[in-house]
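Secondary and tertiary structure notes
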Amino acid sequence: FAGNKFRVTLSYMEIYNELIKDLLQPTSIDLKLNEDPVRGMVVQGITEYGADSADEILELLHRGNLHRTVEPTAANQVSSRSHAVLQVTVEQAEKTAHVTGNLRIGKLSMVDLAGSERASKTNNTGDRLKEGANI
C-alpha cells in the first residue's frame, strides 16, 4: 500500500416517513437518492466528513444520534421512529506525480432499522400509528 493514498469519509442520514435527512446537518431534509456511475448510490446534498480515526467516527455518530427522530411508545420510551444509515467510504488512489491513477472505492453502510413494535402492543394512535405504518 506504500504507493497508494487513502481517504476515509462518512455520512450519516435518517429515513423518516420516506424522507431522507442529513443527521450531521439536520436542517437538510428531503434529500434525493441518485445513482452515480462511479460512486454508486449517492444522496444528493448529504454532508461527507473526513475522518482520520475511529474516535472521530464515533464522535460524528454520537453527534448525529442527537438528531434522530425518537418518540415514546407503550413498548419503549425512546423508540427510534426512523431508519439510520452510517455510510463509511474508503477511496484508494495510486500515488503518481501529476497523473490520475486507478481509483478504488469501497462503501460500508451500517443500518439501524426503526423499531417496528406491533401497534396493538404500543397503543399507538395518530402520528405514532402513521409512523408505524411507514416503518
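Computed from a prediction, not measured in an experiment: that's the story for all the values here. (Residues numbered from 1 in each chain as written. Predicted model: local features only at pLDDT ≥ 70, side-chain atom pairs only at ≥ 80, totals over all residues. Heavy atoms only, no water.)

A few points about the overall build of the chain
From N to C terminus, the chain includes three helices and nine strands. Counting all 135 residues of the chain, 31% fall into the buried class. Nonlocal contacts in the chain, meaning residues at least 24 apart in sequence, comprise 60% of its contacts between residues at least 6 apart. Total accessible area on the chain stands at roughly 8700 Å², and carbon and sulfur atoms take up 53% of it. (Helix = DSSP H or I, 4+ residues; strand = E, 2+ residues; numbered from the N terminus. Buried < 20%, exposed > 50% of the residue type's maximum accessible area, 1.4 Å probe, protein only. Contact = heavy atoms within 4.5 Å. Areas by Shrake-Rupley, 256 points an atom, 1.4 Å probe, with all protein chains shown as cover.)

Description of the side chain of E14
Mapped onto the elements of the fold, E14 is located in strand β1 (residues 4-16). Separated by 2.7 Å, the side chain of E14 and the backbone nitrogen of T69 make a polar contact. When near neighbours in sequence (up to four residues on either side) are disregarded, E14 contacts L19, I20, K21, L23, H67, R68, T69, S82, H83 and A84. (Polar contact = N/O pair within 3.5 Å; in protein donor to acceptor, adjacent residues only side chain to side chain.)

Observations regarding the packing of aromatic side chains
Counting across every chain of the model gives zero aromatic pairs. For R63, the ring lying beneath its charged end belongs to Y49, and the centroid distance is 5.2 Å. (Phe/Tyr/Trp six-rings, centres within 6.5 Å; stacked < 30°, edge-to-face > 60°. Lys NZ or Arg CZ within 6 Å of the ring centre and 35° of its normal.)

Notes on the confidence of the model for the chain
Summary statistics for the chain give a mean pLDDT of 81 and a share of 73% for residues scoring 70 or more. Confidence scores differ between elements of the chain, with helix α2 (residues 119-122) showing the lowest mean pLDDT of 56 and strand β5 (residues 49-50) the highest of 94. (pLDDT = per-residue confidence, 0-100.)

Overview of unusual backbone geometry
A positive phi angle, close to 70°, is found at E18, a residue other than glycine. Mapping E18 onto the fold places it in the loop between β1 and β2 (19-22). The phi dihedral of D30 falls on the positive side, at around 55°, and the residue is not glycine.

Quick notes on the environment of S80
Residue position: S80 is located in strand β7 (residues 79-80). Once the C-alpha coordinates of S80 and R68 are considered, the two residues, twelve residues apart in sequence, prove to be 7.3 Å apart.

Section: the pattern of salt bridges
Enumeration according to the criterion identifies four salt bridges in this entry. E91 is paired through a salt bridge with R7; the nearest N and O atoms lie 3.3 Å apart. Pair noted here: E91 is in strand β8 (residues 83-94) and R7 is in strand β1, with a separation of 84 residues, a long-range link. As a salt-bridge pair, K32 and D30 come within 3.1 Å of each other at their nearest N and O atoms. Among the residues examined, K32 registers a relative accessible area of 47% and is labelled partly exposed. (Salt bridge = Lys/Arg side-chain N within 4 Å of Asp/Glu carboxyl O.)

What to know about the pairing of strand β4 (residues 40-44)
Every other side chain in a regular strand lies on the same face of the sheet, so the side chains alternate between the two faces. Across five bridges, strand β3 (residues 29-36) lies against β4 in antiparallel orientation. What sits directly across from K32, in β4, is Q44. Joining the antiparallel neighbours β3 and β4 is a turn of three residues. (Pairing = 2+ DSSP bridges.)

Quick look at the nonpolar core
With ten residues, the main nonpolar core is built from L10, Y12, L23, L24, Y49, A51, L60, A84, L86 and V88. Counting residues per element, the ones that place at least two in this core are β1 and β8. It is β8 that provides the largest number of residues to this core, a total of three residues. Excluding its chain neighbours within four sequence positions, the residues that come into contact with A84 are Y12, M13, E14, L23, R68, M110, V111 and D112. Formed by six residues, the second largest nonpolar core is a distinct cluster that contains M13, L31, V43 and V85. (Core = buried A, V, L, I, M, F, W, Y, C linked by side-chain atoms within 4.5 Å.)

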